[in-house]
Every structure is written in structure tokens, then in C-alpha cells.
Amino acid sequence: MSEDKTAQEDPNAQQSAYWNEVAGPKWVQLSQAINGQIEPIGRAAMESAGVEPGQRVLDVGCGCGHTSIDLAQRVGAKGEVHGVDLSEPMLAEGRSHAADLPQLRFTQADVQTADLGDGAYDRIFSRFGVMFFADPEAAFRNLRPALAPGGSMTFVCWQEIGKNPWMAVPGAAVAKHVDMPKPSTPHAPGPFAFADAERTKAILEAGGFSGVEYESLEKGLTIGAGMTRDELVDFSLQMGPAGAAMREADEGLRSRLREAVAQAIAPFITDDGLVMGSAAWVFSAR
Ligand SMILES: C[S@@+](CC[C@H](N)C(=O)[O-])C[C@H]1O[C@@H](n2cnc3c(N)ncnc32)[C@H](O)[C@@H]1O
């Protein structure tokens, strides 16, 4: 099969491999800690989405299903929540916590290409699950018909890395010791792909959404609540660019990276865990 044909049939093959084989198992292992860190942001977005009992909600890039479970509790037994994600291990984690919620189901699919059903949802929601599409405009063009008349979409995505010390601080410490891979373009699929809010707005409009609005949500995140100092360092070393560098490093480099990250995060350690700033955009569209 030619490379072009593969890309057409499975445009997100790279992300699929990453979320099934590399990041997914890690997210499952650290599921509670990661959720604890970003839960306040997801909750704020859910409030602004106006999710109500009886609604049908699509949770895009639902990962380990924490937000899907929260949404399922909000829509109640007469509603429906459908969590869709590329990552089978993350979905399996979600399913294992959802047995008592018959209104919740999970499907492994690529949101950019899957048939999501015309007018099937009153709300489309996502907590940090929309920044990884190879072709974001195509993905939103695929999502738009799934909204029922009068429906709306709300998602959160990160602002630029410089406004997100939770990622920038360990990343900068690691970058002093290893060459960090640069994204192929500033907007390459990844956590900060939608940092430019006006560009993101244009993508949503090109994908057929209207009434696109966004607001800044800046919050202190508590990372690794209840962890010891050593556990906080271990946790920081497993996430984002630090995690990628550690996977490639030999024993000697690993211990230098550990030391560098321990020093960099030390000023942010409090009795509650690591408290670091974050900035996200909350987008809404019809
Ligand atoms: C940063 S994680 C967020 C997971 C979850 N929403 C949360 O907040 O815990 C991004 C998620 O998007 C999923 N994802 C990325 N591209 C996708 C696509 N094209 N279709 C469906 N899911 C996708 C990944 O598998 C991953 O679970």
C-alpha cells in the first residue's frame, strides 16, 4: 500500500500508535493523578457547556473516561453519553469504571473520520482531546453534522506552553541536557496545537461551526496531590517532553535529568503537592 493511501485511510495513524502504545498505558497507570490535575479545568468547561439531564453528549478524545463518567452523571438515566477515543487501553480503563452507568458507552474510533451520526448529539464536549488531529478542519467538518439543531460544542485546549509552567518548567530543565525534538510546524498535532485562539476559531468556522467564542481560563493546578517529593519528581519525569527524554535516556543521563527536574520543580512544592499555573482556552460553538 502506498504511503499516500495509508494516510488517506488512517490519517491519524501516528497519533493512534502513540496513544495506544506509548502515552495510553502511561495515562492508565497515572489516571487518577492526571485527572486530579486537570479536573477543575474540565469541570469549568462542563459548567459552561450547560449539560442537562436527558441530553445526548459526545465526549471527544475521552481518554480514560473521567469526563464521560461526570457527563453521564449529569445527563442522568434518561440521557446518553458516548465517549470516543483512539486509545483502546484508555477506553478499557473508562469501561472498568462505568458498569453502573447504562447511559454511558465508549467506542474506539478516529473522530476525524468516524461516522458519528447525523444530529445524534445535543452537546459535543472535550477536555484536551481535540488538539491531535492531522487535519483539524476535516475533523470539525466531520463533527459538525453530529450536532442536533440547537446543539452546541464546548471544549478546552491549552494556551501557549510559556503560559503553562506545569509543562514548561520540567521541559526546560530537561532541554538543558538533551536536544528536544521540535514540532514540524508550530501547529503540529500536540497539546499546544490550538494555542493560537484566532487560528483555532478560523478552523472551527472552516469546519462549519458558527457563533465561535473563546475565553481564557487561568488556574493554579495541583499536581500529584498527596505525593511525596520523590513521587512528585517521578511523576513530572513521566509526563510530556520530560517523559519522552527519559524513555530515550541511558542510566547516567536519567539521573542527571532527575536531578535537573527535582531542582526545577522544588520552588513549586507545597503541602498540597506541586502547585503550578496553567492557561487554557474554553471554546464554544454552534
Ligand atoms: C490529552 S488526552 C485527553 C484525554 C481525556 N479527554 C482527559 O481529559 O483525560 C487526548 C486524548 O485524545 C485522544 N485522541 C487524539 N486524537 C484523536 C482522534 N483523532 N480521535 C479520537 N480520539 C483522539 C487520545 O487518544 C487521548 O486519549
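Before reading on, note that the structure itself is shown above.
This section reports on the structure supplied with the text. (Residues numbered from 1 in each chain as written. Predicted model: local features only at pLDDT ≥ 70, side-chain atom pairs only at ≥ 80, totals over all residues. Heavy atoms only, no water.)

### Quick look at the pattern of salt bridges
So, step 1. One pass over the structure, following the stated rule, counts 8 salt bridges.
So, step 2. With a shortest N-O distance of 3.3 Å, R43 and E39 are connected by a salt bridge. Of this pair, R43 and E39 both sit in helix α3 (residues 31–49), separated by 4 residues, roughly a single helical turn.
So, step 3. Residues R258 and D234 are paired through a salt bridge, measuring 2.6 Å at the closest nitrogen-oxygen approach. Pair noted here: R258 is in helix α11 (residues 251–265) and D234 is in helix α9 (residues 229–238), with a separation of 24 residues, a long-range link.
So, step 4. For R258, a relative accessible area of 28% translates into the label partly exposed.
So, step 5. Taking relative accessible area as the criterion, D234 reaches 33% and is therefore assigned partly exposed. (Salt bridge = Lys/Arg side-chain N within 4 Å of Asp/Glu carboxyl O. Helix = DSSP H or I, 4+ residues; strand = E, 2+ residues; numbered from the N terminus. Buried < 20%, exposed > 50% of the residue type's maximum accessible area, 1.4 Å probe, protein only.)

### What to know about the site of the ligand
So, step 1. What surrounds the ligand is a group of 19 residues, the closest being G61, D85, D110, V111 and R127.
So, step 2. At a separation of 2.7 Å, a nitrogen atom of the ligand approaches a polar backbone atom of G61.
So, step 3. L86 places a polar main-chain atom, nitrogen or oxygen, 3.3 Å from a nitrogen atom of the ligand.
So, step 4. Coverage of the ligand by the protein chains reaches 97% of its 600 Å² of free accessible surface.
So, step 5. Grouping the constituent residues of the shell around the ligand by class yields 11 nonpolar, 5 polar and 3 charged. (Near = heavy atom within 4 Å. Polar contact = N/O pair within 3.5 Å; in protein donor to acceptor, adjacent residues only side chain to side chain. Areas by Shrake-Rupley, 256 points an atom, 1.4 Å probe, with all protein chains shown as cover. Nonpolar A, V, L, I, M, F, W, Y, C, P; charged D, E, K, R; others polar.)

### As for the environment of V275
So, step 1. Looking at where V275 falls in the secondary structure, it is placed in strand β8 (residues 273–285).
So, step 2. Judged by relative accessible area, which is 33%, V275 ranks as partly exposed.
So, step 3. Taking C-alpha positions, V275 is 9.6 Å from Q37, a pair spaced 238 residues apart along the chain.
So, step 4. Setting aside chain neighbours within four positions, we find V275 in contact with L221, T222, F268 and T270. (Contact = heavy atoms within 4.5 Å.)

### Notes on the packing of aromatic side chains
So, step 1. Summed over the entire model, instances satisfying the criterion amount to 13 aromatic pairs.
So, step 2. Relative to F194, the ring of F155 has its centre 6.2 Å away and its plane inclined at 45°; by these criteria the two rings are tilted. With F155 in strand β5 (residues 147–158) and F194 in the loop between α7 (165–175) and α8 (197–206), the pair connects residues that are 39 residues apart, well separated along the chain. There is no split in this pair, since F155 and F194 are both buried.
So, step 3. Ring plane angle 45° and centroid distance 4.6 Å describe the contact between W158 and W166, whose orientation is recorded as tilted.
So, step 4. For W158, a relative accessible area of 5% corresponds to the buried category.
So, step 5. Joined through ring pairs, the aromatic side chains of F133, F140, F155, F194, F209, Y214, W281 and F283 make up one cluster.
So, step 6. A cation over an aromatic ring shows up here: R144 above the ring of F209, its NZ or CZ 5.9 Å from the ring centre. (Phe/Tyr/Trp six-rings, centres within 6.5 Å; stacked < 30°, edge-to-face > 60°. Lys NZ or Arg CZ within 6 Å of the ring centre and 35° of its normal.)

### A closer look at the state of the cysteines
So, step 1. Under the definition given, this model contains 0 disulfides.
So, step 2. Not engaged in a disulfide, the cysteine C62 finds its nearest cysteine sulfur in C64; these two sulfurs lie 8.6 Å apart. (Disulfide = S-S within 2.5 Å.)

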